[in-house]
Each structure stands twice: as C-alpha cells, then as structure tokens.
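Observations on chain architecture
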Amino acid sequence: MATLKEILTRRPVAATIRLTVPAGAARPAPPVGPALGQYRLNLMAFCKDFNARTQKYKPDTPMAVTITAFKDNTFEFTVKSPSVTWYLKKVAGIESGSGRPGHVVASTLSLKHIYEIAKVKQSDPYCQYMPLESICKSIIGTANSMGIKVVKELD
C-alpha cells in the first residue's frame, strides 16, 4: 500500500512508449525522434543516456526500451535485453524460423545454448525472480514454435 507522501509526490504520466532501438545507435532520427518529439521530451538526453547504457552490447543488437513520459516533459526508461527469438536466430545461424514449425526443422540447438540464453535473460527486470529452469522451458517453447529442434547434446 502506498503512503500518502508517495501518492502526493507521484508525477502524472503522459504516455508509455515502447520502442526497439539498436544498441549504441540511438539518434534523434526516426523511429526515436517522432516517438519522443510528440511528447516534447529531450531527444539528445535520451540518445546519450541510452547509448551509454547499451555500449556493452554489440552494435545493431535490437534492444527493447520502455519510456515513461511525464507531463512535466521529463522521462524515465528501462532497457531490456534482446528478444529470445533474436538470440535463438543468432545462435542457430539462421535468418528466420521455419515456415512450417513441427514439420520442417530450421536448425538444431543443444540445451547448453538454451541455458546460456536463459542466463542472459535472467538479468531482465521481468525475469530476475524467475527460476532458471522456468526461463529455459519458455525458451524451449519459443524454439519449438520457430522450428528449431532442441537436443540434449549436439553430435
């Protein structure tokens, strides 16, 4: 339960903006510029802060960003790691998943690959309290729906 002081000091939210921006490549050009510009947010401040936070990732890694814009033209944002599908495609070395998952196998991965992806995804704010086994099961389900076969060990 929120205290009265917390309720009174909350800033009114103007919008919540969700974007996918390449790591270290946020520029005031589209898609970032128009999305933040319509709420009169400081584009350069966002770009510099985002690029500083994502410099540890390889360039052109798609990062999911959730920006909370407040009515006083300030903002906060959280950066999530790339999507599971992006990781699976990178590890499997494929451009896209199978056109007919369950019938046509696009690629094969081992449980070791799944475990490594799960360890990276566990650092996400939404997954940090999930057990590693649950994250692995979710990743295996995503791999199956993409037509990627998961085996115990690669031959």
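Note: the structure precedes this text.
Residues numbered from 1 in each chain as written. Predicted model: local features only at pLDDT ≥ 70, side-chain atom pairs only at ≥ 80, totals over all residues. Heavy atoms only, no water.

**A look at the overall build of the chain**
The test is simple: Secondary structure is summarised from DSSP: a helix means a run of H or I of at least four residues, a strand means a run of E of at least two, and numbering begins at the N terminus for each. Radius of gyration here uses only the C-alpha atoms, and the compact-globule reference equals 2.2 Å multiplied by the residue count raised to the power 0.38. Exposure is judged per residue with a 1.4 Å probe applied to protein chains only, and the accessible area is read against the type maximum: over 50% gives exposed, under 20% gives buried, and values in between give partly exposed. Throughout, a contact is declared for two residues whenever any of their heavy atoms are within 4.5 Å. Using the Shrake-Rupley algorithm and a 1.4 Å probe, accessible areas are obtained, with residue cover drawn only from the displayed protein chains. Positive: Lys, Arg. Negative: Asp, Glu. His and the chain ends are not part of the count. Lys charges are placed at NZ, Arg charges at CZ, Asp charges at CG and Glu charges at CD.
Along its length, the chain carries 6 helices and 5 strands. The order of helices and strands in the chain, counted from the N terminus, is α-β-α-α-β-β-α-β-α-α-β. Its C-alpha radius of gyration of 19 Å places the chain more than 25% over the 15 Å reference for a compact globule of 155 residues. Every one of the 155 residues in the chain was classed for burial, and the buried ones make up 32%. For the chain, the proportion of contacts with a sequence separation of at least 24, taken over those separated by at least 6, is 63%. On the chain, roughly 10,000 Å² of surface is accessible, and the fraction owed to carbon and sulfur atoms is 54%. Across the chain, 21 positive and 11 negative side-chain charges occur, with their mean positions spaced 4 Å apart.

**Brief notes about the side chain of Thr54**
With respect to the helices, strands and loops of the structure, Thr54 is situated in the loop between helix H3 (43-53) and strand S2 (62-70). For Thr54, a relative accessible area of 1% puts it in the buried group. Beyond its immediate sequence surroundings of up to four residues, Thr54 is in contact with Ala23, Gly24, Met63 and Val79.

**Re the side chain of Lys80**
Relative to the helices and strands, Lys80 resides in strand S3 (residues 75-80). On the accessibility criterion, Lys80 (19% relative accessible area) is buried.

**Section: the nonpolar core**
Formally: We define a nonpolar core as any set of buried Ala, Val, Leu, Ile, Met, Phe, Trp, Tyr and Cys residues linked to one another through side-chain atoms lying within 4.5 Å.
One finds Ile17, Val21, Leu36, Phe46, Phe50, Val65 and Ile67 to be the most contacted residues of the largest nonpolar core, which totals 17 residues. Secondary-structure elements contributing two or more residues to this core are strand S1 (13-22), helix H2 (32-37), H3 and S2. Per element, the largest residue contribution to this core is 4 residues, and it comes from S2. Residues contacting Val65, with those up to four places away along its chain left out, are Ile17, Arg18, Leu19, Val21, Phe46, Phe50, Phe77 and Thr78. Formed by 16 residues, the second largest nonpolar core is a distinct cluster that contains Ala118, Cys127, Ile135 and Cys136.

**A short note on the sheet that holds S2**
To keep it simple, the criterion reads: Whether two strands pair comes down to DSSP finding at least two bridges between them. Between the N-to-C directions of two axes lies an angle of 0 to 180 degrees, each axis being a line fitted to C-alpha atoms and, for a helix, fitted only over the stretch in contact.
Taken in spatial order, the 3 strands of this open sheet run S1-S2-S3, and their pairing is antiparallel. For this open sheet the edge positions go to S1 and S3, each flanked by a neighbour on one side alone. With strand direction ignored, the average angle separating the axes of adjacent strands in the sheet is 20 degrees. Pairing analysis gives 9 bridges linking S1 to S2, with the strands arranged antiparallel. Along S2, the bridge assignment pairs Arg18 with Thr66. Packing against the sheet, H3 makes contact with S1, S2 and S3, and its axis sits at approximately 30 degrees to S3.

**Focus: unusual backbone geometry**
Even without glycine at this site, Arg40 takes up a positive phi of about 55 degrees. Position of Arg40 among the secondary structure elements: in the loop between H2 and H3. Assessed through its relative accessible area of 66%, Arg40 is described here as exposed. Phi angles above zero are rare outside glycine, and Asn73 is one such case at about 65 degrees. On the secondary structure map, Asn73 appears in the loop between S2 and S3.

**A word on the packing of aromatic side chains**
For the record, the criterion: Centre distance within 6.5 Å is the pairing criterion for rings of Phe, Tyr and Trp, where only the six-membered ring of Trp is used; planes under 30 degrees apart are then read as stacked, over 60 as edge-to-face, and the remainder as tilted.
Within this structure, the stated rule accounts for 5 aromatic pairs. Summarising the aromatic geometry, the rings of Phe46 and Phe75 are spaced 6.1 Å apart at their centres and angled 65 degrees between planes, so their arrangement reads as edge-to-face. Linking Phe46 in helix H3 with Phe75 in strand S3, this pair joins segments that are 29 residues apart in sequence. Residue class for Phe46 comes out buried when judged on its relative accessible area of 0%. With a relative accessible area of 22%, Phe75 lands in the partly exposed category.

Note that all results are geometric; they support no functional claim without further evidence.
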